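For reference, the chains in residue letters:
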Amino acid sequence: MSTPPRVVAALVLERVLARGETLDEALAAQAPRAAERDRPLVQALAYGSLRWLTRLEAQISALTPRNDWRRDPLLRGLLVAGAWEAQGLSTPDHAAVSEAVDAARRLRRGRASGMVNAVLRRLRRDPPALPADEATQYALPAWLVEALRRAWPDDWPGVAERSHAHPPMTLRVNRRQASREAALAALAEQGREADPGTVAPEAVVLRTPCAASELPGLAEGWLTVQDEAAQLAAPLLDPRPGDRVLEACAAPGGKALHILERQPEASLMALDRSSRRLQQVRDNLARGGCEAECRVGDAAEPERWWDGEPFQRILLDAPCTGTGVIRRHPDIKWLRDPADPERMAAVQRALLGALWRLLAPGGRLVYATCSILPAENEAVVADFLARQGDAAPAPAPPAGRPTGAGYQILPGEGGMDGFFYACLERQSA
Ligand SMILES: C[S@@+](CC[C@H](N)C(=O)[O-])C[C@H]1O[C@@H](n2cnc3c(N)ncnc32)[C@H](O)[C@@H]1O
């Protein structure tokens, strides 16, 4: 027996907002309980609720002065999802409200069903005005609004607004198997309109996103789903035939596969500290017909896994706050806290310092994050360059604004995710 979609959406939101799971994890755990035909609705309810959380909660609060629902994560999830459905989706009124009331009973929240009914009807008929504060208006946590304002005094309102946009579905063509023109023609034959990317040479942007499973090129290995900003890492790394290359934080493997697609004669080690996620790297490489040495290990502790042979190329796609990809992962806004940028920066500094010692003289290290906060980007690299006498900045990516030590792409610029790149070369002694 399948579970009704609004019940599943409340369970997903409870996992994210109360237990701190990512939206991907929560959907993977809960969405299979819904009937297959209902899963797109579960997804739409969960994404919309997390995109607009502060706004939806402000409206619910205005209608429920006691705010008891805030202390009950399942009721909170149900109300927020209902509020989003009332204003953001086109479900007919009577169906959506009565399904939400029924969901309250199924979640053993029968005593709240009258309140759910009243709040959702009112939101459809006559939604209360929103408070004017920026956190509510931009649907971002207040600390992040402040951090964006400090980082990007001229651009932050646009950055905040674009973090709600629905991102494009961008593909990467393996040009050893098909030219970009051939890929565009093959997509057109399937009735899919697409455009070449603006900066990454292998990028193709679909005008209408679709389920990845609908694209035959994916299973066949000549297409990969990857944002255009992420497609800039491999060309910047630019390995030569015979180079030893390290992808130090490799899972799920999008960039590892790209590196080998571009340079099959490089010898790649794909490292990740998560063995579960490293399996995704193996699967991705196998799909693309590429081979690498896949190792579980902590990149900050090379003495545990490094054989002492230097690498000519190292990609450090560092763990970060993910503030550049909020439009794809709206849960990020609510899973991070104000201490996270500095906490991540300490991790990033340790990784950069540890990996630099593995780089051959004349070799190149690309530092990348999908963060837009300078603490994790410019500050980490500038500080490293100031202390590391044999490190010098090297080629620039074809996009992004110079920040001093690196280049920042802000979310939505050129249609891309927010990304930071710094390319460093180790001077020969
Ligand atoms: C931004 S993702 C990498 C994405 C990947 N480069 C790609 O293109 O598919 C960060 C990854 O770093 C891994 N990670 C985090 N800290 C690590 C560490 N100390 N050593 C190795 N891997 C780490 C995480 O498990 C996660 O898979």
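Residues numbered from 1 in each chain as written. Predicted model: local features only at pLDDT ≥ 70, side-chain atom pairs only at ≥ 80, totals over all residues. Heavy atoms only, no water.

1. A few points about the site of the ligand
Inference 1: Around the ligand sit 18 residues, and of these Glu247, Asp272, Arg277, Asp298 and Asp317 come closest.
Inference 2: Contact distances for the ligand include 2.9 Å between a nitrogen atom and a backbone N or O atom of Cys249.
Inference 3: In this structure, an oxygen atom belonging to the ligand sits 3.3 Å away from a main-chain N or O atom of Pro252.
Inference 4: Protein contacts shield 87% of the accessible area of the ligand, which totals 600 Å² for the unbound molecule.
Inference 5: Tallied by class, residues from the shell around the ligand come to 8 nonpolar, 3 polar and 7 charged. (Near = heavy atom within 4 Å. Polar contact = N/O pair within 3.5 Å; in protein donor to acceptor, adjacent residues only side chain to side chain. Areas by Shrake-Rupley, 256 points an atom, 1.4 Å probe, with all protein chains shown as cover. Nonpolar A, V, L, I, M, F, W, Y, C, P; charged D, E, K, R; others polar.)

2. Considerations on unusual backbone geometry
Inference 1: Residues Ala251 and Pro252 are joined by a peptide bond in cis, for which omega reads 5°.
Inference 2: Residue placement: Pro252 occurs in the loop between β5 (244-247) and α14 (254-262).
Inference 3: One non-glycine residue, Arg108, adopts positive backbone phi at about 60°.
Inference 4: With respect to the helices, strands and loops of the structure, Arg108 is situated in the loop between α6 (93-106) and α7 (113-125).
Inference 5: At Asp238, a residue that is not glycine, the phi angle is positive and equals roughly 50°.
Inference 6: Relative to the elements of secondary structure, Asp238 occurs in the loop between α13 (233-237) and β5. (Helix = DSSP H or I, 4+ residues; strand = E, 2+ residues; numbered from the N terminus.)

3. Focus on the nonpolar core
Inference 1: In this structure, Ile259, Val281, Leu285, Val366, Ile409, Phe419 and Tyr421 are the most contacted members of the largest nonpolar core, which totals 33 residues.
Inference 2: At the level of elements, α13, α14, β6 (267-272), α15 (275-287), β9 (359-369) and β13 (419-426) are the ones that each hand at least two residues to this core.
Inference 3: Leu271, Phe311, Trp356 and Val380 belong to the second largest nonpolar core, which has 28 residues in total. (Core = buried A, V, L, I, M, F, W, Y, C linked by side-chain atoms within 4.5 Å. Buried < 20%, exposed > 50% of the residue type's maximum accessible area, 1.4 Å probe, protein only.)

4. A look at the pattern of salt bridges
Inference 1: Tallied over the full model, the rule gives 35 salt bridges.
Inference 2: Residue Arg207 pairs with Glu193 through a salt bridge whose shortest N-O separation is 3.7 Å. With a gap of 14 residues between them, Arg207 in the loop between β3 (203-206) and α12 (216-220) and Glu193 in the loop between α11 (180-189) and β2 (194-196) connect regions that are remote in the sequence.
Inference 3: One network of salt bridges, with partners in common, ties together Asp227, Arg327, Arg328 and Asp417. (Salt bridge = Lys/Arg side-chain N within 4 Å of Asp/Glu carboxyl O.)

5. As for the sheet that holds strand β4 (residues 223-225)
Inference 1: Here we have 4 strands laid out as an open sheet, ordered β2-β3-β1-β4, and antiparallel in their pairing. The sheet is open, and its two edges are formed by β2 and β4, each paired on a single side. With strand direction ignored, the average angle separating the axes of adjacent strands in the sheet is 30°.
Inference 2: Pairing between strand β1 (residues 169-173) and β3: 4 bridges, direction antiparallel. (Pairing = 2+ DSSP bridges. Axes fitted to C-alpha atoms, helices over the stretch in contact; angles between N-to-C directions.)

6. Regarding the domain arrangement of the protein chain
Inference 1: Along its sequence, the protein chain is carved into domain 1 (5-131), domain 2 (169-225) and domain 3 (230-426).
Inference 2: Inter-centroid distance (C-alpha atoms) of domain 2 to domain 3 is 24 Å.
Inference 3: Each partner contributes to the roughly 1,300 Å² buried at the junction of domain 2 and domain 3, and carbon and sulfur atoms together form 42% of this total.
Inference 4: Of all residues in domain 2, the largest losses of buried area upon contact with domain 3 belong to Arg172, Arg176 and Val199, amounting jointly to 43% of the total for that side.
Inference 5: Counting every contact that joins domain 2 to domain 3 gives 2 salt bridges.
Inference 6: For Arg262, the salt bridge identified is with Glu202, shortest N-O distance 3.0 Å.
Inference 7: At the surface where domain 2 touches domain 3, the tally comes to 11 residue pairs in polar contact (both at pLDDT 80 or more).
Inference 8: Taken together, the elements giving at least two residues each to the side of domain 2 that touches domain 3 come down to β1, α12 and β4. (Domains from an automatic or database assignment. Buried area = accessible area lost by both parts, 1.4 Å probe.)

7. Describing the side chain of Asn284
Inference 1: You can see Asn284 is positioned in helix α15.
Inference 2: Here Pro252 takes part through its backbone oxygen, which lies 2.9 Å from a polar atom of the side chain of Asn284.
Inference 3: What Asn284 contacts, discounting residues up to four positions off in sequence, is Pro252, Gly253 and Leu257. (Contact = heavy atoms within 4.5 Å.)

8. Some remarks on the packing of helix α1 (residues 5-17) against helix α3 (residues 39-51)
Inference 1: With their axes 9 Å apart at the nearest point, α1 and α3 run at an angle of 40° to one another. What the angle tells us is that α1 and α3 run oblique. For the crossing formed where α1 meets α3, the hand is right-handed. Residues Pro5, Arg6, Val8, Ala9, Val12, Leu13, Val16 and Leu17 of α1 lie in contact with α3, whose contacting residues are Leu41, Val42, Leu45, Ala46, Ser49 and Leu50. (Parallel < 35°, antiparallel > 145°, perpendicular 65-115°, else oblique. Left-handed = near helix turned anticlockwise from the far one by under 90°.)

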